[in-house]
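Each chain is listed here by its residues.
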2 protein chains.
Amino acid sequence: MSELISQAYERLRSQGGRMTNQRRLLLSILDSLGEHPTAEELLLIARKQDPDLNLSTVYRTLRWLEAENLVSARLFAEERRQERFDAVLPSEHHHFMCTNCKNVIEFDTELLVDIKSQFQDSSGASVSMGSIVLYGLCPSCRQGSVAQELDREVG
Amino acid sequence: MSELISQAYERLRSQGGRMTNQRRLLLSILDSLGEHPTAEELLLIARKQDPDLNLSTVYRTLRWLEAENLVSARLFAEERRQERFDAVLPSEHHHFMCTNCKNVIEFDTELLVDIKSQFQDSSGASVSMGSIVLYGLCPSCRQGSVAQELDREVG
DNA sequence: GCCCTTATTGCAAATCATTTGCAATAATTA
DNA sequence: TAATTATTGCAAATGATTTGCAATAAGGGC
Ligand SMILES: [Mn+2]
Ligand SMILES: [Mn+2]
Ligand SMILES: [Zn+2]
Ligand SMILES: [Zn+2]
C-alpha cells in the first residue's frame, strides 16, 4: 500500500477516525493521479466511481489531509482562484507553471537547502519547509512563441 | 518620487488613465508600508485619510497594479484565505512566514538563479520569474518554543 | 452477524473573498 | 468653463469554500 494511504490509516486509527468509502476513493485518486486537481476536478474524477459523492466531503477530506500534512494546498497564478491539491508523499518537490498553457511541471532541487540555511543563518529563524514556484514558458509553448516571432519578422 | 509612483503615473499617461485621489493615496501607502496588506487591511489604513474610500476601489486599484506588474498578489498559509499584496519595486525578493505568529520576513538570495537555470537546462522551459516561500519559526517564536520545551523537560 | 455509539456524509444554506453593473462624480482636455 | 469619459461608491452578484443538521454507516463489543 502506498505511503499516503498507509499514513492516512495510521492517523485515523490514532484519532478514532473512520476509513469510509469516500475517503478510500479520494485517497486512491490523489495517490495515483500525477496532477494537481482542484476540489472540483477531484470530485468529477471520483464521481465516476461514486456518483453520489458530494463536494463538501471532498473539501472535508482534503482539509483533514492538509491538517495531517499529507496534502498541500496552493494557489497558482490562474484565472480561477481555486486551490490545487497535491499529495506531499512520497517526496517533497517544487513546481513550474507555464504562463501560457497553465501546465504544471514538477521538479526537484538540492539547492533549496542552501537557501534555507543561508536564510536561517542571517535571520535567526528556523525553517521547517519551503516551496518554490517558477513561471515561464514550457517547452512546447516556447516553440510556439519562437514560431510567432519568426512569423512577425518574416511577415 | 518613488519608483512605484512614478511608474504608475507613466502607465496611466500611456493608457489615457487618470490619477485620482484614491489611487494616489493607495499608492503612497503601498509604497511606504513595509508590509503585505490584504485588500481589507489596506482599506482600513487608507480610510484614516479618506473615510469614504470603498473596498471595490481598493481591489480595482490593486488588480490594475498587478496587471501592470507593479504589485504582486499571493496567498500565504493563513487561516483566512485572503490575498496579500506587495509592491514589486524597488526589488524582487522572497518571503518567510512564521507559522506561529504569522509575521513575514523578506529576504534576498542569489541562489534562485541557479535553481532557475538548473530547471531550464533539464526541462527545456524558459523561466521568467520565480518565488520562494519559506515557513518555520521566527526568532522570537523560536525562543518561546525553546522555553516551552525546557518547561516540559524540567517540569 | 447484530447492536450501539458516534464519526461521517449529503444536502441546503451560510459565509467569505472578490468582482461587476450602474448611476453619480471628478479628472483631463480643449 | 464646458464637454468627455474614466473612475468611483454602492448594492447586488459571483465563485470558492465552509457549516448546521438530520440521516447514514463504520467499527468495537457482544
Ligand atoms: Mn506537485
Ligand atoms: Mn514582500
Ligand atoms: Zn505551455
Ligand atoms: Zn513568530
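Definitions and cut-offs
Residues numbered from 1 in each chain as written. Chains lettered and ligands numbered in written order. Predicted model: local features only at pLDDT ≥ 70, side-chain atom pairs only at ≥ 80, totals over all residues. Heavy atoms only, no water. Axes fitted to C-alpha atoms, helices over the stretch in contact; angles between N-to-C directions. Helix = DSSP H or I, 4+ residues; strand = E, 2+ residues; numbered from the N terminus. Left-handed = near helix turned anticlockwise from the far one by under 90°. Contact = heavy atoms within 4.5 Å. Nonpolar A, V, L, I, M, F, W, Y, C, P; charged D, E, K, R; others polar. Donors = N, O, S within 2.8 Å, 3.2 Å for Na, K, Ca; no water. Tetrahedral: all angles 85-135°; square planar, octahedral: opposite > 155°, others 65-115°. Buried < 20%, exposed > 50% of the residue type's maximum accessible area, 1.4 Å probe, protein only. Least-squares fit on C-alpha atoms with pLDDT ≥ 70 in both. Pairing = 2+ DSSP bridges. Phe/Tyr/Trp six-rings, centres within 6.5 Å; stacked < 30°, edge-to-face > 60°. Near = heavy atom within 4 Å. Polar contact = N/O pair within 3.5 Å; in protein donor to acceptor, adjacent residues only side chain to side chain. Salt bridge = Lys/Arg side-chain N within 4 Å of Asp/Glu carboxyl O.

Q: I'd like to hear about the packing of helix 3 (residues 39–47) of chain A against helix 4 (residues 55–67) of chain A, residue by residue, with values.
A: Residue and element names in this part refer to chain A. In the contact formed by helix 3 and helix 4, the axes pass within 9 Å of each other and the chain directions differ by 115 degrees. When the axes of helix 3 and helix 4 are compared, the crossing they make is right-handed. In contact with A39, E40, L42 and L43 of helix 3, helix 4 contributes L55, V58, Y59 and L62. In the contact of helix 3 with helix 4, the residues fall into 7 nonpolar, no polar and 1 charged.

Q: Just give me the short version of the coordination of the zinc ion (ligand 4), but keep the residues and values in it.
A: Residues and elements named next belong to chain B. Coordination sphere of the zinc ion (ligand 4), protein contribution only: C98 (SG), C101 (SG), C138 (SG) and C141 (SG), at 2.2 to 2.3 Å. Between the 4 donor atoms coordinating the zinc ion (ligand 4), the angles at the centre fall across 105 to 112 degrees, so the site counts as tetrahedral. When the donors of the zinc ion (ligand 4) are listed by position in the chain, the intervening gaps give C-x2-C-x36-C-x2-C. Highlighted residues: C98 in strand 3 (residues 94–98) and C138 in the loop between strand 5 (126–137) and helix 6 (139–154), separated in sequence by 40 residues. Judged by its relative accessible area of 0%, C98 is buried.

Q: Describe in detail the relation of the copies chain B and chain A, supporting the description with residues and values.
A: Mapping one chain copy onto the other needs a rotation about an axis and a shift along that axis. When chain B is fitted to chain A, the best match, at an RMSD of 0.2 Å, comes from turning it 179 degrees and sliding it 0.0 Å along the axis. Viewed as a symmetry operation, the transformation between the two copies matches a two-fold axis. If distances are taken from each C-alpha of chain B to the rotation axis, the shortest is found for I132(B), at 2.2 Å. Most of the interface of chain B is mirrored in chain A, where 100% of its interface residues again form contacts.

Q: Explain the sheet that holds strand 4 (residues 104–107) of chain A residue by residue, including any values.
A: Taking strand neighbours across the sheet as the criterion, the 6 strands line up as 4(A)-3(A)-5(A)-5(B)-3(B)-4(B) in an open arrangement whose pairing is mixed. Only two strands of the sheet have a single partner each, and these edge strands are strand 4 of chain A together with strand 4 (104–107) of chain B. Pairs of neighbouring strands in the sheet enclose a mean axial angle of 20 degrees, with direction left out of account. The sheet contact formed by strand 3 of chain B and strand 5 of chain B spans 4 bridges and is parallel.

Q: Tell me what's going on with the packing of aromatic side chains, and back it up with residues and numbers.
A: Applying the stated criterion across every chain, the model contains 4 aromatic pairs over all chains. Consider the rings of F119(A) and F96(B), whose centres lie 5.0 Å apart with planes at 35 degrees: the pair is tilted. With F119(A) in helix 5 (residues 112–123) and F96(B) in strand 3, this pair bridges two chains. By relative accessible area, F119(A) is classed as buried at 4%.

Q: How would you explain the coordination of the zinc ion (ligand 3) if you had to name every residue and give the values?
A: Residue and element names in this part refer to chain A. Bound to the zinc ion (ligand 3) on the protein side are C98 (SG), C101 (SG), C138 (SG) and C141 (SG), at distances that span 2.2 to 2.4 Å. Coordination at the zinc ion (ligand 3) comes from 4 donor atoms whose angles at the metal span 105 to 112 degrees, giving a geometry best classed as tetrahedral. Counting along the primary sequence, the residues that act as donors to the zinc ion (ligand 3) give the motif C-x2-C-x36-C-x2-C. Taken as a pair, C101 in the loop between strand 3 (94–98) and strand 4 and C141 in helix 6 (residues 139–154) lie far apart in primary sequence, 40 residues in all. Taking relative accessible area as the criterion, C141 reaches 13% and is therefore assigned buried.

Q: Please give an account of the protein's contact with DNA strand C that cites residues and values.
A: With respect to spatial proximity, 25 residues lie near DNA strand C, and among them Q22(A), R23(A), T57(A), Y59(B) and R80(B) are the closest. Taken together, the sugar and phosphate atoms account for 70% of what DNA strand C places within 4 Å of the protein. Contact distances for DNA strand C include 3.3 Å between a base nitrogen and a side-chain N or O atom of S56(A). Between R80(B) and DNA strand C, the recorded distance is 2.5 Å, taken from a side-chain N or O atom to a phosphate oxygen.

Q: Tell me what's going on with unusual backbone geometry, and back it up with residues and numbers.
A: Peptide bonds are trans in most cases, and residues, glycine excluded, mostly fall at negative phi. Unusually for a residue other than glycine, N69(A) sits at a positive phi of about 60 degrees. Take N69(A): it is sitting in the loop between helix 4 and strand 1 (71–74).

Q: Describe the pattern of salt bridges, listing the residues and the values that go with them.
A: Summed over all chains, the structure comprises 14 salt bridges over all chains. A salt bridge links R81(A) to E83(B), with the shortest nitrogen-to-oxygen separation between them at 3.2 Å. Of the two residues, R81(A) sits in the loop between strand 1 and strand 2 (84–87) while E83(B) sits in the loop between strand 1 (71–74) and strand 2 (84–87), which places them in two different chains. According to the relative accessible area criterion, R81(A) is partly exposed, its value standing at 48%. The shortest N-O distance in the salt bridge between E83(B) and R63(B) comes to 2.7 Å. Pair noted here: E83(B) is in the loop between strand 1 and strand 2 and R63(B) is in helix 4 (residues 55–67), with a separation of 20 residues, a long-range link.

Q: An account of the packing of helix 1 (residues 3–15) of chain A against helix 2 (residues 21–32) of chain A is requested, with residue identities and associated values reported.
A: Residues and elements named next belong to chain A. Put simply, helix 1 and helix 2 touch, their axes get as near as 9 Å, and they point 145 degrees apart. Pair helix 1 / helix 2 crosses with right-handed handedness. For the pair helix 1 and helix 2, the contacting residues are L4, I5, A8, Y9 and L12 in the first and R23, R24, L27, S28, L30 and D31 in the second. Within the contact of helix 1 with helix 2, the residues separate by chemical class into 7 nonpolar, 1 polar and 3 charged.

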